[in-house]
Amino acid sequence: MFGKVSWLLALCVLFTTSNVHSQELFSGITGPLDVKEVQNSGPVNVPYITWGGDAATFYANGGLDTTPDSIYGKSGLKLKLTAGDDFVQQVKDYMGGKSPYLRGTFRMLGQASEVIGSDPRTKPVIIMQLSWSAGDHIVSRKELKTLNDLKREGKKVKIACQQGGPHVGLLYDALAAAQLTNEDVEIVFVKDLTGPDGAAEKFRTDSSIDACCVITPDMIGLTGGVDSAGTGAEGTVEGAHVLVSTQNMTRSIADVYAVRSDWYKSHREEVEKFVAGYLKGTVEVKKMRDDFEKTQRMSSEYRQLLTSCQKIFGEEVLPTLEVDAHGLLLDCNFVGLPGQIAFFNQSGNLSGFQPKLTAALDLATKWGYAKTRKGFDPAGFDYKKIASMAGVEYVEPQRIVKGESITAFPGDDLDSDTIVSFTISFEPNQTDFSVDRYGSEFDRALQAASTFGGAAVVIRGHADPTKTLVQLLTVGMKKGLIVRTGQKGQYKYYLKTQNGNQELDLNQTPAMVKLIESGAFEGASDSPLQTMQAALNLSLARAEQVKQSITQYAEQRGVNVNLSQLQPLGAGISDPVISKPSSIAEAKQNMRVEFRIVKVNPEDLSETDFDF
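Residues numbered from 1 in each chain as written. Predicted model: local features only at pLDDT ≥ 70, side-chain atom pairs only at ≥ 80, totals over all residues. Heavy atoms only, no water.

Draft legend 1. Spotlight on the sheet that holds strand β8 (residues 211-215). Spatially, β7-β6-β8-β5-β9 is the arrangement adopted by the five strands of the open sheet, whose pairing is mixed. The open sheet has two edge strands, β7 (186-190) and β9 (241-245), and neither has a second partner. The mean angle between the axes of side-by-side strands here comes to 30 degrees, regardless of whether they run parallel or antiparallel. In terms of strand pairing, strand β6 (residues 158-162) meets β8 through two bridges, oriented parallel. If you follow alanine 160 over to β8, its bridge partner there is cysteine 212. In the packing of helix α7 (residues 167-177) onto the sheet, contacts are made with β5 (136-140), β6, β7, β8 and β9, and the angle to β5 comes to roughly 60 degrees. The sheet strands contacting helix α9 (residues 216-223) are β5, β8 and β9, and the helix crosses β8 at an angle near 130 degrees. (Pairing = 2+ DSSP bridges. Helix = DSSP H or I, 4+ residues; strand = E, 2+ residues; numbered from the N terminus. Axes fitted to C-alpha atoms, helices over the stretch in contact; angles between N-to-C directions. Contact = heavy atoms within 4.5 Å.)

Here it is in structure tokens:
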């Protein structure tokens, strides 16, 4: 069901009312703000945005105003949920004391960090992660195949992106995965996330734009679907396709709630009830959602919740309950209690609080939203207490997730599914990969596995084909199957066939492999078939050794890793960088292990894949 909904995610409307200028300080967007005490009479205003994760808030509250029989009502809270899609206004209300809460993505809070962190009273305390996004995408023209292609010689790739919105963080992560920055590309900021002034329309009407950051409905409008390419018909753009999606980059956009520091100090018990109530609501909402997905029979309680979402978000956003409203919740990866523990408490989580905070402040200061780094505090909850308050089982998420690989790749076309790639080289016959030499590459692979939680990290070993080719020619000439002409350095080889001699092109690796596999060159002391098989075994051994080394490295550093994401493969001589090396130096370029972040079917994922 990923990507099939037509509703507009919350993220599509955040920042839409702000004035947009290139690289403007966030303080310039909001203008001068006075800090005032939080209003402490009547219901507490809590913002929500148009996103599936907020459905659990509605459920826990019994609607926009707390009802006595709701989760929050029974716990003694009295809340008034208010529309918060205008994040700039949220910040103004937060600073002005109209609400102690902020609702956004972690990276959006980062962009506002200098403003909201300017006074100790308003320094944000991040109290909860609601979910990870799975409905945002970077769409590109057909010439761009992977994230590596975002950097090119001569002319920078132009990417349209909403200024200050959630996709800035998505773009930041995408560039980082290819070890690029905003200096390597030309970012064309647009006013809105969608609509006439959005990135999709800019991409559609301006052929100089190479890529754009869009939400699901716009992605479908440009490409026809997450696995499709636009044809130019029905509003699509010919060749447009998804370059990367949060369906694979599952830990890029984190939805969170924060409260003012002064409010947290004086109302910690209420904040704990708010978090516990949300988590209790999440469990019940997920069960209703999953039961409907499984049985296609909608319970009256689930219908009531979806109807409430439709009423709050508007029928223009959620035209139908069964597809649009239900789809809104399906595209939301609730993290639940295990996700809180992993996000806030597990130091080895590369997508946890501290790494996300560092990345958010890096983005804010490097991309011009802030001049100084003003971070946030975690709530520091006792999650066993929170679990007890919520009435949910306390489960410590695993740091090392073991299991079979998400999918199998031998024979698959990796090129068409590759999101980004990088390689490490080694010496002939090397199968040992030390941390001292390859630590930085291991770090990059672990970070990729964490950020791209919905993708596989294929570790693909390669071997040099020189020895196999030499044996092919030597045995072939001895058996009279191959004829050589010319002088040293300029030899030409011909294969004898029933139709006469045909020149062999040693650069055509697939044809050479097929020739060797025919068995026609066997029987001599040197066997090119056995040598080719040995190269395949060696390349697989290298890949498996790299996986083992990364696993040991992760364990030693206390880094979370899902081993089912790491898929070792042996390519043997089948995909050399240089098909016919003419020197040792060229042969060494073929001796490599390649890391590929590869798309997998979202249906191959489970809920636990998002917990850590």
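Back to the write-up after that little detour.
Draft legend 2. Focus on the confidence of the model for the protein. Taken as a whole, the protein shows an average pLDDT of 90; of its residues, 92% reach a score of 70 or greater. In this model, residues 1-21 is a region of pLDDT below 50 whose contacts with residues beyond four sequence positions or in other chains number 91 contacts. (pLDDT = per-residue confidence, 0-100.)

Draft legend 3. The nonpolar core, seen in detail. Of all hydrophobic cores here, the largest spans 85 residues; its most connected members are Tyr101, Phe106, Ile127 and Phe274. Those residues in contact with phenylalanine 106, other than ones at most four positions away along the chain, are Ile126, Ala254, Val256, Phe343, Phe353, Lys356, Leu357, Ala360 and Phe376. Among the nonpolar cores identified, the runner-up in size contains 63 residues, and Ala174, Phe433, Leu563 and Phe595 belong to it. (Core = buried A, V, L, I, M, F, W, Y, C linked by side-chain atoms within 4.5 Å. Buried < 20%, exposed > 50% of the residue type's maximum accessible area, 1.4 Å probe, protein only.)

Draft legend 4. A look at helix α11 (residues 268-295). Taking 1.5 Å per residue, 28 residues should reach 40 Å; α11 reaches 41 Å between its end C-alpha atoms and fits that length. At the exit of α11 stands glutamine 296, carrying a positive phi of roughly 60 degrees. (Expected span 1.5 Å × (residues − 1).)

Draft legend 5. Spotlight on the pattern of salt bridges. Using the criterion set out here, one finds 27 salt bridges in the structure. Here glutamate 272 makes a salt bridge to arginine 268, at a shortest N to O gap of 3.3 Å. Taken together, the positions of glutamate 272 and arginine 268, both in helix α11 and four residues apart, correspond to about one turn of that helix. Given the relative accessible area of 6%, glutamate 272 is considered buried. With a relative accessible area of 32%, arginine 268 lands in the partly exposed category. Aspartate 415 is the salt-bridge partner of arginine 596, the closest N and O atoms lying 2.8 Å from each other. Residue arginine 596 is found in strand β21 (residues 592-599), and its partner aspartate 415 is found in helix α17 (residues 414-417); the two are separated by 181 residues along the sequence. Taking the relative accessible area as the measure of exposure, aspartate 415 reaches 52% and is therefore exposed. (Salt bridge = Lys/Arg side-chain N within 4 Å of Asp/Glu carboxyl O.)

Draft legend 6. Spatial organisation of the packing of α11 against helix α13 (residues 321-330). Running from N to C, α11 and α13 cross one another at 130 degrees; their axes reach a closest spacing of 11 Å. Classified by the angle their axes make, α11 and α13 are oblique. When the axes of α11 and α13 are compared, the crossing they make is left-handed. Here α11 contributes Val285, Arg289, Phe292 and Glu293 to the contact with α13, which in turn contributes Glu322, His326, Leu329 and Leu330. Its residues assigned to classes, the contact of α11 with α13 comprises four nonpolar, one polar and three charged. (Parallel < 35°, antiparallel > 145°, perpendicular 65-115°, else oblique. Left-handed = near helix turned anticlockwise from the far one by under 90°. Nonpolar A, V, L, I, M, F, W, Y, C, P; charged D, E, K, R; others polar.)

Draft legend 7. Fine view of unusual backbone geometry. With phi around 55 degrees, glutamate 234 is a residue other than glycine that occupies positive phi space. Turning to its location among the elements, glutamate 234 is positioned in the loop between α9 and β9. We classify glutamate 234 as exposed; its relative accessible area is 82%. The backbone of glutamine 296 shows a phi angle near 60 degrees, a positive value even though the residue is not glycine. Relative to the helices and strands, glutamine 296 resides in the loop between α11 and α12 (300-313).

Draft legend 8. Representation of the packing of aromatic side chains within the structure. Enumeration according to the criterion identifies 25 aromatic pairs in this entry. Pairing tyrosine 101 with tyrosine 257 gives two aromatic rings, centres 6.1 Å apart and planes at 85 degrees, and the pair type is edge-to-face. Of this pair, tyrosine 101 sits in strand β3 (residues 101-105) while tyrosine 257 sits in strand β10 (residues 254-260), and the two are 156 residues apart along the sequence. The pair formed by tyrosine 101 and tyrosine 257 is uniform in burial state, with each residue classed as buried. These aromatic residues form a ring-pair network of at least three members: Phe106, Trp132, Phe343, Phe344, Phe353 and Phe376. One Lys or Arg, arginine 103, reaches over the ring of tyrosine 257 and ends 5.7 Å from the middle of that ring. For the cation-ring pair, arginine 141 lies above phenylalanine 203, with the distance from its terminal atom to the ring centre recorded as 4.0 Å. (Phe/Tyr/Trp six-rings, centres within 6.5 Å; stacked < 30°, edge-to-face > 60°. Lys NZ or Arg CZ within 6 Å of the ring centre and 35° of its normal.)

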